[in-house]
Every structure is written in C-alpha cells, then in structure tokens.
Amino acid sequence: MTVARPKKPEDPVAHPVPCARCGSHYQVGAFWPDGAVCTYCYRAAIRTQGTCACGHVGVLPGRIDGSPACRTCSGVFVNVDCAGCGAEDEIYRHQLCLRCALAQHVDDAFTNPRTGSVDVAWQPIVQALKSMNRANSGLVWIRQAHVQDFLRSMVANDDATHAALDELPAGATRNHMRQLLVEHGVLPVRDELIATFESWSSDALDRLHSPAHRDVIDRYIRWKHLRTMRARSPIAHGTFLVAKQSTTVAIEWCNWLDAQGTDLGRAGQGDLDRWISEGPSTRLMVERFLSWARPARLCSSTLTVPRHRRGTATRLSTAGQADALNAALYSGALGARDRLAVVLVLVFGQQMTSIVQLRWEQVTITDTVTITLAGLPIHLPPPLDQVVRDVLHEPAHKQTATHSNSPWVFLGGRAGTHLQPGYLRNRLRPVMSTLSARLGSLGDLSRHTPAAILAETLGYRPETLEAHASAVADNYARYVAALDQQAASGTLF
Ligand SMILES: [Zn+2]
Ligand SMILES: [Zn+2]
Ligand SMILES: [Zn+2]
C-alpha cells in the first residue's frame, strides 16, 4: 500500500553499513549492484515508474550513474510482474498488482453464489469499481468486513432495486452504494427525501392508537403529502420538513382525541381549542391537516384553528421595504431587546404577550443559547444566539444583575415590571410589516430551505444556518405554523 510511513530514527550500531542510495543507517532491504539499499529506498525503487535509457517502459528499480534504470540494464532483480495483467507494477499480493487485486476483490464480492458468476445487472458497477482512479483506496474500502457483508447480502438479493436495497442495513455503506448504483445507471434516480418521508411515515403510522385514525392518517400521507411530493420532485428540504411536522401534529391530535374518548369525525371546536391551548405552538400546524380533512368530510367543516391577530399592518411601499429592514435590523436603530422580539415572533412564532413575559430563568446561556417557550426548550444556533447575548449586555441588565435581579428579559419602565405587549407591538410594527412583505415576495415558502428563508428575512448568511440544520429545521417548523396562522387570518402581522 502506498501509505507514507514516518521513518524510524537511524541506528548506526545495528546497521553499520550506510544505504548506497540515501547514505542513512537503516535496515538493509536488498543488496543490489549499486550496493546495500535500505528498506525505504527499496520501497521507493519498486514504485519508480518511467522510461529507461534503453527505451523500456515500466518499473525502474535500478540506478545507473544516479538515474533510474530498468531491471535488465541495472541487474536489479525484483518481482514486479503482475500475473493478472502482465504489467510491471508493485506487487500487492498473490502475484497481482493493486488494480488486479482490486478487480479480484470486486469480482469475488459481486459473484452470485448460486451461479458462480457476476450477474449482468451488476456489470456497470463492477466495471466502475475496478477502474476507480485510486485503486488502493478502493481496496481498503472493499476489504472491510462490513462492506464485504453488505455486498454479499446485496448480491444475494437478485433484484437490483431501490426497494431491495432498502431492506439491507441502513448506514454509510448503503448510502454510498446507492449513490454509486444510481451514478452508474444500475438503479434509477430516486428522490431520497421522498423515500425518507415514505419510510418515516410508515413507521409513524404505528404511533396511532386507533385503527380508524390510522386509516385517516394513512390516507393523509398518501393523498396529500406523497402525491404533492411526487408531483414536485425533486422536492425542497422545506417541503419534506413541513410534511413530516404536519403529519406528526395530525397524529398527536388524533391520539389526543382517542384519549378523550372521541374521534376526528365528532371533534368539536372546543376540543380543538383546548388541545391547541394546552400544547406547544407547533400544534397550530394542525391547520394543514384540517384543510385536507375538511373537504374530505373527515371532520366538521366548521373546525377552525384559533386566530391570533397581531394588529393591523401598515404596509410600506416596495421601494421603502429594503431600506426600512436594513435600517431597523442592522443599523443599530433597533436595540438588542427589539431585535430579540423580532426573532421570537418571526422565527418562533411567539405572541407579543408571551414574549414580554419571558423570564431570565427560561434562558440558558452557555456555548449556545436555549430559550424555553411554552414548556419547550428552543435551541438558538449561532448567529441567532448573539441577539440574546446582546440583550444581556445592555446597561439596564448589567445593573439588574448586580442589584435587584429583575426576572424579566423585557424590562419595563418601572422597577419590577416587564414591558407592555402593546408598547412593543407598536415599536416593531414598521419592521414587521416590512418583513412580512418580504416573505410574501418569496411565494410558496415550502419550496425554500429554512436557512434560505431566514437568510432572506433576517439577513443571516445561509451557510451559517445550514451548519445548524436540525435546530434551524425545528425553528422553521414553528415558524411555518405561525405563518400559516397569520396567513389564514389574512393579517401577517
Ligand atoms: Zn536508503
Ligand atoms: Zn533499460
Ligand atoms: Zn495487474
């Protein structure tokens, strides 16, 4: 293998004869016509390829007047003849060069145990593996026990299909093989997000407590989500997340109805209001499920997800939007506290009334920042965390930290009070209407990744947010729920 090894220290006592090529005192690998050659120089010699002065092309292990020379000219005898392809090359094992050894491993791995030969279906991938650029990397990969096991079960399957591959153990090996099989035309291109949703949703069905609700959710998954996804394939990550989240919420809603001794068909507005008020804001996302269930006559046509008006928006002209946003969010015109409120409303879909009541005990600041809202810990990945740190460093809070220990994040004018929601709402109205206009211009939100939306609305760099994909995805689900809510009431802010 061509892995560079660090040289051991020289040992002139054990190896008094210096190497004829490098002059160092290492173990002697061979006595060649130009002298004793150390093991390091020996290895380098059998890997030296080129054209000898005599015209021979191949391995040039010898030295004549300091220049590499072929075996015939130099009188150096080493075994560099591959029994497989006949080429002169470093022998890897069993008298085979690296590439021939790789080919043998690939053939072995893909041989159908019943026929003793490689099935036609696998030929494209077999050829591709054999001819990969870095034969030594290929060998290291294919010789691993878990890869051997995986390939054996894959080949024993007979069928070269995505479905057959899905039956094999999930993991990096399966992903890598699937990618290769698609790349080399053995398997058709498949929308992996749709496939992931399919397998996720079939497991999710098992969480339903009653057969009747299981049937409803099964239909919801097939006729709403999968149908839409297939029509839009390849789907955006946002579409996948929203489908997963709204299915989860629908399942929780159905299970809750079971626990109350009722069902979807009989659920009343009171049930819905109670369920939503008793849980996290993600429950608002049930509107997505209801908007499918209502026309399908699976629930009362009058069920409505409660509306939370956020005041009347005063729309700015399109020309003024970008300026207002930049001025408000980034020029420093908006204080840290206001920016935190904007983030909580926009990213987490929180109500002004609960925002002003946020207590420091709900905030954990370490390397990262976590805010517990509605009993749900929400992780704020960088750069969203900075806005909380900024609030903490505002002069007002520095004082309270040493003096009165006010519990409120949004300190009011008088000692011991928090801000009034109406006050904050009025302050932020221009910013909010700008942001909502900007969101409106994005069109169908589910076609964008969460990071792209946050970047578009709050000015964060998408790369930064992608690094915290799962946290952003969680936030995004809440955010979409809030947006649905506001869109439904016709008053985005
Ligand atoms: Zn040497
Ligand atoms: Zn020669
Ligand atoms: Zn060979």
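Residues numbered from 1 in each chain as written. Chains lettered and ligands numbered in written order. Predicted model: local features only at pLDDT ≥ 70, side-chain atom pairs only at ≥ 80, totals over all residues. Heavy atoms only, no water.

**A few points about the overall build of the protein**
The condition that has to hold: What counts as a helix is a DSSP run of H or I of at least four residues, what counts as a strand is a run of E of at least two, and both are numbered from the N terminus. Burial classification: accessible surface area is computed with a 1.4 Å probe over protein chains only, and a residue below 20% of its type maximum counts as buried, one above 50% as exposed, and the rest as partly exposed. Note on contacts: a residue pair is in contact if any heavy atoms of the two residues lie within 4.5 Å. Values of accessible area rely on a 1.4 Å probe in the Shrake-Rupley scheme; residue burial ignores everything except the protein chains shown.
Counting secondary structure elements, the protein contains 22 helices and 11 strands. Residues classed as buried in the protein amount to 45% of the 493 residues present. Within the protein, contacts between residues separated by at least 24 positions form 56% of all contacts whose residues are at least 6 apart in sequence. Total accessible area computed for the protein in this model is approximately 24400 Å², and 52% of it derives from carbon and sulfur atoms.

**With respect to the environment of V17**
Note on placement: V17 falls in the segment before β1 (28-32). You can call V17 partly exposed: its relative accessible area is 44%. C-alpha separation for the pair V17 and G35, spaced 18 residues apart in sequence, amounts to 9.8 Å. The contact partners of V17, leaving out residues within four places of it in the chain, are S24, H25 and A36.

**A word on the coordination of the zinc ion (ligand 3)**
What counts, and what does not: Metal donors were taken as nitrogen, oxygen and sulfur atoms no farther than 2.8 Å from the ion, or 3.2 Å where the ion is Na, K or Ca. Water is excluded, so coordination may look unfinished. By the criteria applied here, four donors are tetrahedral when all angles lie between 85 and 135 degrees, four are square planar and six octahedral when opposite donors are over 155 degrees apart and every other angle lies between 65 and 115, and any other arrangement is irregular.
Within the first shell, the zinc ion (ligand 3) binds the protein through C82 (SG), C85 (SG), C97 (SG) and C100 (SG), at distances of 2.2 to 2.3 Å. Here the zinc ion (ligand 3) is ringed by four donor atoms whose angles at the metal span 102 to 116°, and the overall shape comes out tetrahedral. Site description for the zinc ion (ligand 3): donor spacing in sequence, C-x2-C-x11-C-x2-C. In this pair, the class of C97 matches that of C100, namely buried.

**Examining unusual backbone geometry**
If you check the backbone angles, D65 has positive phi at about 50° while not being a glycine. By secondary structure assignment, the location of D65 is in the loop between β5 (62-64) and β6 (67-69). Take D65: its relative accessible area is 80%, and that puts it in the exposed class.

**Structural notes on the nonpolar core**
What counts, and what does not: Definition used in this section: a nonpolar core is a set of buried Ala, Val, Leu, Ile, Met, Phe, Trp, Tyr and Cys residues joined via side-chain atoms within 4.5 Å.
I217, W253, L272, V286, F289 and L290 are the most contacted members of the largest nonpolar core, which totals 40 residues. Elements with a contribution of two residues or more to this core: α9 (192-204), α10 (211-232), α11 (237-259), α12 (269-277) and α13 (286-293). Ranked by residue count, the leading element in this core is α11, at 11 residues. In contact with L290, not counting residues within four places along its chain, are W253, L272, P295, C299, L303 and V305. Core analysis: the second largest hydrophobic core is formed by 32 residues, C97, C100, F150 and V186 among them.

**Observations concerning the coordination of the zinc ion (ligand 2)**
The zinc ion (ligand 2) binds to the protein through C52 (SG), C54 (SG), C70 (SG) and C73 (SG); the donor distances cover 2.2 to 2.4 Å. All donors of the zinc ion (ligand 2) come from a single chain, and their spacing in sequence reads C-x1-C-x15-C-x2-C. Taken as a pair, C52 in the loop between β3 (49-51) and β4 (57-59) and C70 in the loop between β6 and α2 (71-74) lie far apart in primary sequence, 18 residues in all. Both residues of the pair, C52 and C70, count as buried.

**A short note on the confidence of the model for the protein**
Counted only if it meets this: Confidence scores labelled pLDDT are given residue by residue by the predictor and lie between 0 and 100.
Taken residue by residue, the protein gives an average pLDDT of 79. The fraction at 70 or more is 74%. Least confident of the elements in the protein is helix α14 (residues 318-330), whose mean pLDDT is 46; most confident is α2, at 96. Low pLDDT (under 50) marks residues 399-404, which in the prediction has three contacts with non-local residues, meaning those over four places away or in another chain.

**What to know about the packing of aromatic side chains**
Counted only if it meets this: Side-chain rings of Phe, Tyr and Trp (the six-membered ring for Trp) are treated as a pair once their centres are within 6.5 Å; stacked means planes under 30 degrees apart, edge-to-face means over 60, and tilted covers the remaining angles.
Going through the model one piece at a time under the given rule, you end up with nine aromatic pairs. On the basis of an interplanar angle of 50° and a centroid distance of 5.2 Å, the ring pair of Y220 and W292 is categorised as tilted. Of the two residues, Y220 is situated in helix α10 and W292 in helix α13; the sequence distance between them amounts to 72 residues. Measuring from centroid to centroid gives 5.2 Å for W253 and W275, while their planes differ by 45°, and the two rings are tilted. Placement of W253 in helix α11 and of W275 in helix α12 is noted, with a sequence separation of 22 residues between them. We note that W253, like W275, is buried. Members of the aromatic cluster, joined through ring pairs, are Y220, F289 and W292.

**Here's the deal with the packing of α9 against α10**
Convention followed: Helix axes are fitted to C-alpha atoms over the stretch in contact, other axes to C-alpha atoms as well, and angles between N-to-C directions run from 0 to 180 degrees. Relative orientations are named as follows: roughly parallel for angles under 35 degrees, roughly antiparallel for angles over 145 degrees, roughly perpendicular for angles from 65 to 115 degrees, and oblique for any other angle. Left-handed is the label given to a crossing in which the near helix is rotated counterclockwise from the far helix by less than a right angle, and right-handed is the label when the rotation is clockwise. Residue polarity follows a fixed list, in which Ala, Val, Leu, Ile, Met, Phe, Trp, Tyr, Cys and Pro are nonpolar, Asp, Glu, Lys and Arg are charged, and the others, Gly among them, are polar.
For the pair α9 and α10, the least separation of the axes is 10 Å and the interaxial angle reads 165°. Overall, the two elements α9 and α10 adopt an arrangement that is roughly antiparallel. For the element pair α9 and α10, the recorded crossing hand is right-handed. Every residue of α10 that contacts α9 at I194, F197, E198 and S201 is listed here: I221, H225, L226, M229 and R230. Its residues assigned to classes, the contact of α9 with α10 shows five nonpolar, two polar and two charged.

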